[in-house]
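Reading the structure
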Amino acid sequence: MARVAFIGLGNMGGGMAANLAKAGHDVRAFDLSPDALAKAKAAGCLPVASAVEAVNGAEAIVTMLPAGSHVESVYADAVFSHAPPAGILIDCSTIDVATARRVSDAAAAQGLVAVDAPVSGGIAAATAGTLTFMVGGSADGFDRAQPFLAQMGKTVIHAGASGAGQAAKMANNMLLGATMIATCEAFRLAERLGLDPQTFYDISSVSSGQSWSMTSYCPVPGVGPDTPADHDYQGGFAAALMLKDLRLANQAAADAGASTPLGKHAADLYESFVAAGNGGTDFSGIIRTL
Ligand code: NAD
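Residues numbered from 1 in each chain as written. Predicted model: local features only at pLDDT ≥ 70, side-chain atom pairs only at ≥ 80, totals over all residues.

Things to note about unusual backbone geometry
Located in the positive-phi region is Asp232, a residue other than glycine, with phi close to 55°. Its location among the elements puts Asp232 in the loop between helix H10 (212-215) and helix H11 (239-256). Phi angles above zero are rare outside glycine, and Tyr233 is one such case at about 65°. One can find Tyr233 in the loop between H10 and H11. Take Tyr233: there are 22 C-beta atoms within 10 Å of it, and that puts it in the buried class. (Helix = DSSP H or I, 4+ residues; strand = E, 2+ residues; numbered from the N terminus. Buried ≥ 20, exposed ≤ 12 C-beta atoms within 10 Å, placed from the backbone.)

A short note on the UniProt feature "domain: 3-hydroxyisobutyrate dehydrogenase-like NAD-binding" (unreviewed entry) in the protein chain
Sequence positions flagged by UniProt for "domain: 3-hydroxyisobutyrate dehydrogenase-like NAD-binding" (unreviewed entry) are, in local numbering, residues 163-289. Between the first and last C-alpha atoms of residues 163-289 the distance is 35 Å; the span itself is 61% helix and 0% strand. (UniProt positions renumbered as here; feature names shortened; annotations may be inferred.)

Considering the UniProt feature "domain: 6-phosphogluconate dehydrogenase NADP-binding" (unreviewed entry) in the protein chain
Under the local residue numbering, the UniProt record ascribes the feature "domain: 6-phosphogluconate dehydrogenase NADP-binding" (unreviewed entry) to residues 3-160. The span residues 3-160 is 44% helix and 25% strand, and its two end C-alpha atoms sit 27 Å from each other.

Rendered as C-alpha cells:
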C-alpha cells in the first residue's frame, strides 16, 4: 500500500479520500476547513497541518479543489517543491482546460508527471466509490494514476493527452445541461397539449427523444426512477455547479473557435436560474421556471 496525499476534503474529496484509506493506503489529508479534517480523520485518514506535510514522501498526490486558481496555488506552494519525482500528481477537480495543461507543463518542467482526472458522478458516487474518471496525460501518467483511481471509481478512461480529461468533462456536461433543459421543455409542452407526464415518459423514454436526463434523472416528480425531483429538487447536482461547468465549456469553445450556440443558451438559462437564488437547488429544478 502507498502513502497518498489528499488535498481538498469537501463534498467529493471527503468520500474519495475515505475510499483510499479503506483500500489500505496511508492517506495524509489536508483541507483549510477543520471540519473537513475531522471528518477525514473519522474516515481513517491522517489529518495533517499543511499541504506540504501531506505531499512530503507521497507516492500519489490527489487534489479535489473548487477551481483552477486553487489548483494552481496548491501546486505552486506545495506540490512542485515537495513531490517526490517518482510520485504521480492527480488533479480530480473540474477546472479549465488551459489551466490543466499549464499545470501539467509546469510539472514536467520540474521532472514530475501530472494528469487531469475529473469525475462524473456526484457526492453519492464519490462516497460509494463508483465515480467515472476521464484522464488526460501521458500513457505513463495514466498507468501510474490508474490503480489509485480504480479504488475511487468503477470506470477509468484515458481520454488523451494533458487537458483531454477536462475537455471530455466539459463537452459531456454541456450536453447534459442542454438535454436537461430540452427534456424539461418537452414535458411542459406535452402537458400543455393535454398529455399525462407519465404517458409522455412511457412513450418518449423508448422513442428517439430518449436521453439520460429523461430516463435516469427525470425532472418531473413521480415519473421515472427516484430522482431529486422526488425530493423537492434537493441533493443531486447543484445548479451552481452546472453553471460553473457550462461557463468552462463555453470558455473552452471560445478559445478553440468551436461554435456552441445551445451550450451558450443553456449557460444563459442557468445563469438566470442561479441569479434567482437557486444555486443550491438540483439542476433539474430549472423545470420550475418553464
Ligand atoms: P467543496 O467546496 O465541497 O470542496 C472543496 C474543498 O476544497 C473544501 O473543503 C475547501 O475547504 C477545500 N479547499 C479550498 N482551497 C483549498 C486549499 N488551498 N487547500 C486545501 N483545501 C482547500 O467542492 P466539491 O463539491 O467537493 O467539488 C470539488 C470539485 O469537484 C469541483 O471542482 C467540482 O466542480 C467537482 N465536482 C463536483 C461534483 C459534485 O456533485 N459536488 C461532481 C463532479 C465534480
